[in-house]
Amino acid sequence: EAGVTQFPSHSVIEKGQTVTLRCDPISGHDNLYWYRRVMGKEIKFLLHFVKESKQDESGMPNNRFLAERTGGTYSTLKVQPAELEDSGVYFCASRPTLEGAEAFFGQGTRLTVV
Amino acid sequence: AQSVTQPDIHITVSEGASLELRCNYSYGATPYLFWYVQSPGQGLQLLLKYFSGDTLVQGIKGFEAEFKRSQSSFNLRKPSVHWSDAAEYFCAVGASGGYQKVTFGIGTKLQVIP
């Protein structure tokens, strides 16, 4: 069974440009989460999808960030325009809707804004 | 608000020595607690979790953790460390259901020396 896959693994962009990160969850997992780790800081929650709906987006830093989950399958996280402080590692996780079920994390996308 | 403190940012142990990674949490109700590990180039992998029941939890790779409510702690232990255990370890706390807005600690980097 394929795990959670994230694309790209690394991205270096200039300030002001747009970047789109993609997450392919494990097939059948209704729950999809985005987290971010800024260098030297904690991993922080960004948002949670249940199927195609945003269940909780309280962790999104500002309106430069837009997350979508087309048809309840893969998800994208767009940053437009990117700022220096957006640099970090963006993690995606998915889990089925079962009490106590484990969340599986992707390898993360390392975003560097220069 | 929930929070997690991992007081040790870096720890170095000799191969074969015992290991204890400290974690203290703050949460208003019964917490859901996790330990994750991230090896270089890999995603976060769940080592173990505590939801209820026996306060001594066994995990993968020979790790265990003990939930101590009186101390608000969930320390991770391993009796004999292997070189392959070198990685970054994250303690995390979640709300009921386990994964709703999980809060991570800052992480502890473990170095294993021969």
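The rules we used
- Residues numbered from 1 in each chain as written.
- Chains lettered and ligands numbered in written order.
- Predicted model: local features only at pLDDT ≥ 70, side-chain atom pairs only at ≥ 80, totals over all residues.
- Heavy atoms only, no water.
- Disulfide = S-S within 2.5 Å.
- Helix = DSSP H or I, 4+ residues; strand = E, 2+ residues; numbered from the N terminus.
- Buried < 20%, exposed > 50% of the residue type's maximum accessible area, 1.4 Å probe, protein only.
- Contact = heavy atoms within 4.5 Å.
- Buried area = accessible area lost by both parts, 1.4 Å probe.
- Salt bridge = Lys/Arg side-chain N within 4 Å of Asp/Glu carboxyl O.
- Polar contact = N/O pair within 3.5 Å; in protein donor to acceptor, adjacent residues only side chain to side chain.
- Nonpolar A, V, L, I, M, F, W, Y, C, P; charged D, E, K, R; others polar.
- Phe/Tyr/Trp six-rings, centres within 6.5 Å; stacked < 30°, edge-to-face > 60°.
- Lys NZ or Arg CZ within 6 Å of the ring centre and 35° of its normal.

Caption draft 1: Geometry of the state of the cysteines. Applying the stated criterion across every chain yields a total of two disulfides over all chains. In this model, cysteine 23 of chain A is linked to cysteine 92 of chain A through a disulfide, with the two sulfur atoms separated by 1.8 Å. For the disulfide bridge between cysteine 23 of chain A and cysteine 92 of chain A, the dihedral angle about the S-S bond is near -65 degrees, and by the sign convention the bridge is left-handed. Residue cysteine 23 of chain A is found in strand E3 (residues 19–24), and its partner cysteine 92 of chain A is found in strand E9 (residues 88–95); the two are separated by 69 residues along the sequence. Exposure class is identical for cysteine 23 of chain A and cysteine 92 of chain A. Each is buried. Covalent S-S linkage joins cysteine 23 of chain B and cysteine 91 of chain B, the inter-sulfur distance amounting to 1.9 Å. Taking the torsion about the S-S bond as the criterion, the cysteine 23 of chain B to cysteine 91 of chain B disulfide, at about -65 degrees, is left-handed. Of the two residues, cysteine 23 of chain B sits in the loop between strand E3 (19–21) and strand E4 (24–26) while cysteine 91 of chain B sits in strand E10 (residues 87–94), which places them 68 residues apart along the sequence. Comparing cysteine 23 of chain B with cysteine 91 of chain B shows no difference in burial state: the two are buried.

Caption draft 2: Highlighting the interface of chain A and chain B. Tallying the contact residues gives 21 residues for chain A and 20 residues for chain B. Across the interface of chain A and chain B, roughly 1,700 Å² is buried in total on both sides, 53% from carbon and sulfur atoms. Of all residues in chain A, Arg37, Ile43 and Phe105 of chain A bury the most surface against chain B, accounting for 29% of the area lost on that side. Taken together, the connections running from chain A to chain B amount to one salt bridge. Glutamate 88 of chain B is the partner of arginine 37 of chain A in a salt bridge, and the nearest nitrogen-oxygen pair spans 2.9 Å. Linking chain A to chain B there are three residue pairs in polar contact (both at pLDDT 80 or more). Those elements that provide at least two residues to the side of chain A that touches chain B are strand E4 (31–37), strand E5 (43–50) and E9 of chain A. Class assignment of the residues belonging to the side of chain A that touches chain B gives a composition of eight nonpolar, six polar and seven charged.

Caption draft 3: Spotlight on the packing of aromatic side chains. Applying the stated criterion across every chain, the model contains 15 aromatic pairs over all chains. Between tyrosine 36 of chain B and phenylalanine 104 of chain B, the aromatic rings sit 5.8 Å apart at their centres with planes inclined by 50 degrees, giving tilted as the arrangement. Separated by 68 residues along the polypeptide, tyrosine 36 of chain B in strand E5 (residues 32–38) and phenylalanine 104 of chain B in strand E11 (residues 103–104) bring together distant segments of the chain. Of the two residues, tyrosine 36 of chain B and phenylalanine 104 of chain B, neither departs from the other in class, the shared state being buried. Feature note: the residues Tyr33, Tyr35, Phe45 and Phe105 of chain A together with Tyr32, Phe34, Tyr36, Phe51, Phe90 and Phe104 of chain B constitute an aromatic cluster, connected by ring pairs. If you follow arginine 22 of chain A out to its NZ or CZ, it ends over the ring of tyrosine 74 of chain A, 3.8 Å from the centre.

That's the geometry; what it means functionally is another story.
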